[in-house]
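Chain and residue survey
Listed here are the chains, written in short residue letters.
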Amino acid sequence: MKKIICLSLAFACGLGMVAQQVSFTTQNGLIGNYDDSTEIAADVNNDYLDDYVRISSGGIGIDYQQPDGTFISTMIAMPIENVPNWSVAVGDLDENGYNDMVLGNGQRVSFLMANEDGTAYSETPFPQYIFSQRTTFADIDNDGDLDAFVCHDVDLSHPYRNDGSGNMTLDQSLIQTIDAPGNYAAIWVDYDNDGDQDMYLTKCRGGQPVGAFENENAMYTNNGDGTFTENALEIGLQDADRSWATVFEDFDNDGDFDAFVVNHLAQNNFYENDGTGNFTNIIQTTGINPTDLGSWENLAADFNNDGYMDILSEMSKELYLGNGDLTFTGQDLPFDEGGIGDFNGDGFLDVVNNGNLYINDGNNINNYVKIGLKGVESNSNGIGARIKIEGAWGTQMREVRSGQGFRHMNSLVAHFGLGPATAIDKIIIEWPSGIIDEIIDPDINAQHIYVEGQNPVLGINDVQVTGISLFPNPTADKLNFSVQGMSDTLVTIVDMNGKLVLNTSVSNTNSIDVSTLKTGVYFAQFEVDKKQLSYKFIKK
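In this text the structure is predicted, and so the values were computed from the model without any measurement. (Residues numbered from 1 in each chain as written. Predicted model: local features only at pLDDT ≥ 70, side-chain atom pairs only at ≥ 80, totals over all residues. Heavy atoms only, no water.)

1. Points about the sheet that holds strand E25 (residues 328-331)
As a general point, the strands of a sheet are linked pairwise by backbone hydrogen bonds and lie either parallel or antiparallel. Spelled out, the test is: Only when DSSP finds a minimum of two bridges between them are two strands counted as paired. Strands here are runs of E lasting at least two residues and helices are runs of H or I lasting at least four, both read from the DSSP assignment and numbered beginning at the N terminus. Structural elements are reduced to axes, namely lines fitted to C-alpha atoms, with helices fitted over the stretch in contact, and the angle between N-to-C directions of any two is expressed from 0 to 180 degrees.
With antiparallel pairing, the 4 strands of this open sheet are ordered in space as E22-E23-E24-E25. Across the chains shown, the open sheet's two edge strands, defined by having one partner strand only, are strand E22 (298-301) and E25. Neighbour to neighbour, the strand axes of the sheet diverge by 25° on average, direction disregarded. Pairing of E22 with strand E23 (residues 310-313), which is carried by 4 bridges, proceeds in the antiparallel orientation. Note that in E23 the partner of Leu 299 across the bridge is Leu 312.

2. Some remarks on the pattern of salt bridges
Operational definition: Any carboxyl oxygen of Asp or Glu that lies within 4 Å of a side-chain nitrogen of Lys or Arg is treated as forming a salt bridge with it. To sort residues, take the accessible area from a 1.4 Å probe on protein chains only and compare it with the maximum for the residue type: under 20% means buried, over 50% means exposed, and anything in between is partly exposed.
Enumeration according to the criterion identifies 12 salt bridges in this entry. For the salt bridge of Asp 190 with Arg 386, the shortest nitrogen-to-oxygen distance reads 3.7 Å. Of this pair, Asp 190 sits in the loop between strand E14 (183-189) and strand E15 (198-203) while Arg 386 sits in strand E30 (residues 386-391), and the two are 196 residues apart along the sequence. The pair formed by Asp 190 and Arg 386 is uniform in burial state, with each residue classed as buried. A salt bridge links Asp 332 to Lys 317, with the shortest nitrogen-to-oxygen separation between them at 3.4 Å. With Asp 332 in the loop between E25 and strand E26 (339-341) and Lys 317 in the loop between E23 and strand E24 (319-322), the pair connects residues that are 15 residues apart, well separated along the chain. When its relative accessible area of 32% is taken as the criterion, Lys 317 is described as partly exposed. Here the salt bridges share partners, and the residues they tie into one network are Asp 190, Glu 249, Arg 386, Glu 399 and Arg 401.

Structure below.
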């Protein structure tokens, strides 16, 4: 684990390494009374304010958050064929500016599509049987639109490919996973810091003992060429203890994602990332009770805004507050799961569950920043983007994800607690497209909305040129250009510091040779139609 001692101590001294307790006040009088089975805490009317959405057989109940902390409650009456009684995920599939949903039912999957102004929805049910568990959205094939992956409890899970217009097709070639039952919770995460999204599959097969094949959690590592390799055993993450859900977060702010797994037979496990994508189980030193078993839900957020991620689960201590050093302090809460978002705009994260609105009472010590994304070349939600903030404390990072934990949907607005810090040096946004934006000295205690490419790193004005992509990425030797007729185009390669490392040109085979570069992250810069372009790639 990469320890930046001086920065860690600076941040810790301000906080005294004592986790600040969190309390909530129930404010159900602010919202409507609608039936539901799964909680959605995400914006659905494109104003970047978290709404509370509940789906039942009779329609969709939505509490639209207003800027003043009130709500407008609306029931969109319509028959729902496949009620999401197991899970739901949210994202803009057809890029019309309004979020759609994938509904995980115990028999089938449906996609619920928003109309052109987000005021009505249409359901597209799929006929194939699936005992749905965790539903997720991610740009699995990295073509700029969202695909879906739905876990199947009793058979091979279902990936759905997006044609770019929001038309979804069940397509097992999108990602090939194990053809076995017990698939409970998928989570998309760049665990190895190579710039692409990997997928961890948490598994549980009832009746099977610890170590059984059907219980072996799987990591599908993205090869950067549209394929995935399963390597959980190799990297130390093949937990086989009937797991239900896993959270990946940078719990010690050292630049890599660690993992906490809730299990049902022997013990819960906490895996420390060593910075290279290899993991060691350290549950015994975390302060989390390893034998407090049986949790379904498993979520993470910074509830006290101290700059360290906390864990919300169905353990006897419902909230484990992160101390920043991979130890945690447990406290009781009146709830143990739900959708997480900021429902009154005060920068402290709230929770919705079973028709209850739990408002975080906050504190007058810690600051925050919230970041919403608008993709241009990437998917419009920026799902899969990595956001980093840098300041006196060091670095924090988040990934924008649709579908975490076991069943609920959290906000798509990235939230960072700052502790008592009063400034942020910069925000870095690494988009799925490879574009990197950098914002210097942003305001704190505010929500910012950033559009892809409007704050380009290295001072390059990146623009869209339809159809151009570079592949494979990562690459060991050749970078191919997807558009023909690029031969003799001059290409400049610079490193992450903006230093020129190679001048070359596109060959008559529409490629460039980068085999002489050292392993790392680079930018290929070139001009098309008098417009300067910059594409990030990884040299293996």
